[in-house]
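Here is what each chain is made of, one letter per residue.
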Amino acid sequence: MPFYVRLGDIPRKRHIVFRDNGRLLTEEVMGLEGFTGNESILYHLQSPCRVKELGEFVPIEHEEWVPEAHAHRHLATYGVEPSGDEITGRRVLMWNDDVEIALCRPSQSMDYFFRNGEHDEVVFVHEGSGTLETTFGNLPYRDGDYIVIPRGTTYRFVPEGEQRHLVFESPGLITIPRRYRNEYGQLLEGAPYSNRDIHPPTELQTIRDDGEHVVKVRVRDGYQTYILDYHPFDVVGWDGYLFPWTFSVHDFEPITGRIHQPPPSHQTFQGQNFVICSFCPRKLDFDPLAIPIPYVHSNVNSEEMIYYVSGNFSSRKAVDVGSVTLHPSGIPHGPHPGLAEKSIGLTETHELAVMCDTFHPLRLTTFARDLDDGTYAYSWYEEPASGSPDEDPAGVTSHL
Ligand SMILES: [Fe+2]
């Protein structure tokens, strides 16, 4: 995305005759923001406009849960039963006009191709590996990867092993934060990851198959099915700046300081009215008087969703692997009682978590309701003269 990639065969100039065994290929310019944003040019055996049959349109409907009380929430997701495939198995936990956040534990393979027509996607792979097969070529992935899929990319998951995904879909563009890039798009020395950490498709497969293939496209709050009489991976070559890519959370280089660094230092992606951050194992603040865990903070105009991937927080009463906490706007949140004191002198944390901060309120689904523990809002409350800091051993969960 921030650099030029070329796979397969392309002509020496754009918009000129280019043939495959005498057949004139169809050139597709796939670009963002009205020919002013990033684009790639793909050369197809068939016109991508060609459709044999229009299939069904299935609306996407969120079942909303409006809680009786406005409060911090903890959702325990690890035990969710697998269902559906990598697309139909996406179960939305929360959403607003800018982003949808879903959990996916597929139990079956995709027997069709998918294209998100109106949303950029970031799929965080908590568990599992495999290949994302796309029109741009094959994109291998493994646990810890963020798979970044620009809208308009036709793909299917070919998984290896069980999968556990956290999925972000956004009608706005999802990009690398602007402050990490120079004016030419190259990642800066001070950025927490570099161009070498970004992995584009490795191998282009050109499939010459005139059988029937199903493509489902997410558009207009639903899934539209199209029947093609050719394989959608019919690209003989492409080049440009727009393509799916992976970035491993394990390649994120944490930025630490003598005293506490604020959440933007963990930022990984920029969305429209939201950010995605990675909390990675790191050395903690090194001033002798530093309090390594955060101050209490009021999310005056943002909501904070954190997904816990791995680390020492498993000893925490409220939070475990696969937990999701939601700290909504309007009320403050921060470390649990006793943890500021307990954290003094800590030198490192082994936590791994993914956070999404949105600048507008998130709505919850009934799926989230079913996972809500119902008690998290009270976890900052202590009866007078009861409880002691030592009762809560989660001093290493440094970002609450
Ligand atoms: Fe926070």
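To keep things clear, this report deals only with the structure shown in the data block. (Residues numbered from 1 in each chain as written. Predicted model: local features only at pLDDT ≥ 70, side-chain atom pairs only at ≥ 80, totals over all residues. Heavy atoms only, no water.)

## Description of the sheet that holds strand S18 (residues 235-240)
- Across the sheet, which stays open at both edges, the 4 strands sit in the order S1-S18-S5-S4 with antiparallel pairing between neighbours. Only two strands of the sheet have a single neighbouring strand rather than two, namely strand S1 (5-8) and strand S4 (26-31). For this sheet the average axis-to-axis angle between neighbouring strands, irrespective of direction, equals 15 degrees.
- When S1 meets S18, the two strands line up antiparallel, connected through 4 bridges. (Pairing = 2+ DSSP bridges. Helix = DSSP H or I, 4+ residues; strand = E, 2+ residues; numbered from the N terminus. Axes fitted to C-alpha atoms, helices over the stretch in contact; angles between N-to-C directions.)

## Brief notes about the side chain of His-336
- Take His-336: it is sitting in the loop between strand S26 (332-333) and helix H1 (339-343).
- With relative accessibility at 3%, the residue His-336 sits in the buried group.
- Here the side chain of His-336 touches Ser-379 through a polar contact of 2.7 Å, side chain to side chain. (Buried < 20%, exposed > 50% of the residue type's maximum accessible area, 1.4 Å probe, protein only. Polar contact = N/O pair within 3.5 Å; in protein donor to acceptor, adjacent residues only side chain to side chain.)

## A look at unusual backbone geometry
- Even without being glycine, Asp-221 reaches a positive phi, approximately 60 degrees.
- The topology assignment puts Asp-221 in the loop between strand S16 (213-219) and strand S17 (222-228).
- Here Asp-221 falls in the exposed class, since its relative accessible area comes to 51%.
- In the Ramachandran plot, Asn-273 falls in the positive-phi region, its phi being about 70 degrees despite a non-glycine side chain.
- Relative to the helices and strands, Asn-273 resides in the loop between strand S20 (267-271) and strand S21 (274-279).
- Taking relative accessible area as the criterion, Asn-273 reaches 27% and is therefore assigned partly exposed.

## Structural notes on the coordination of the iron ion
- Looking at the metal site, the iron ion is ligated by His-297 (NE2), Glu-304 (OE) and His-333 (NE2), spaced 1.9 to 2.1 Å from it.
- Counting the intervening residues between successive donors of the iron ion yields the motif H-x6-E-x28-H. Residues His-297 and Glu-304 agree in their burial class; the two are buried. (Donors = N, O, S within 2.8 Å, 3.2 Å for Na, K, Ca; no water.)

## Here we look at the environment of Ile-207
- In this fold, Ile-207 is placed in the loop between strand S15 (154-170) and S16.
- On the basis of relative accessible area, Ile-207 is assigned to the partly exposed category, the value being 22%.
- C-alpha separation for the pair Ile-207 and Gln-224, spaced 17 residues apart in sequence, amounts to 23 Å.
- Residues within four places of Ile-207 in sequence aside, it is in contact with Leu-45, His-231, Phe-233 and Asp-234. (Contact = heavy atoms within 4.5 Å.)

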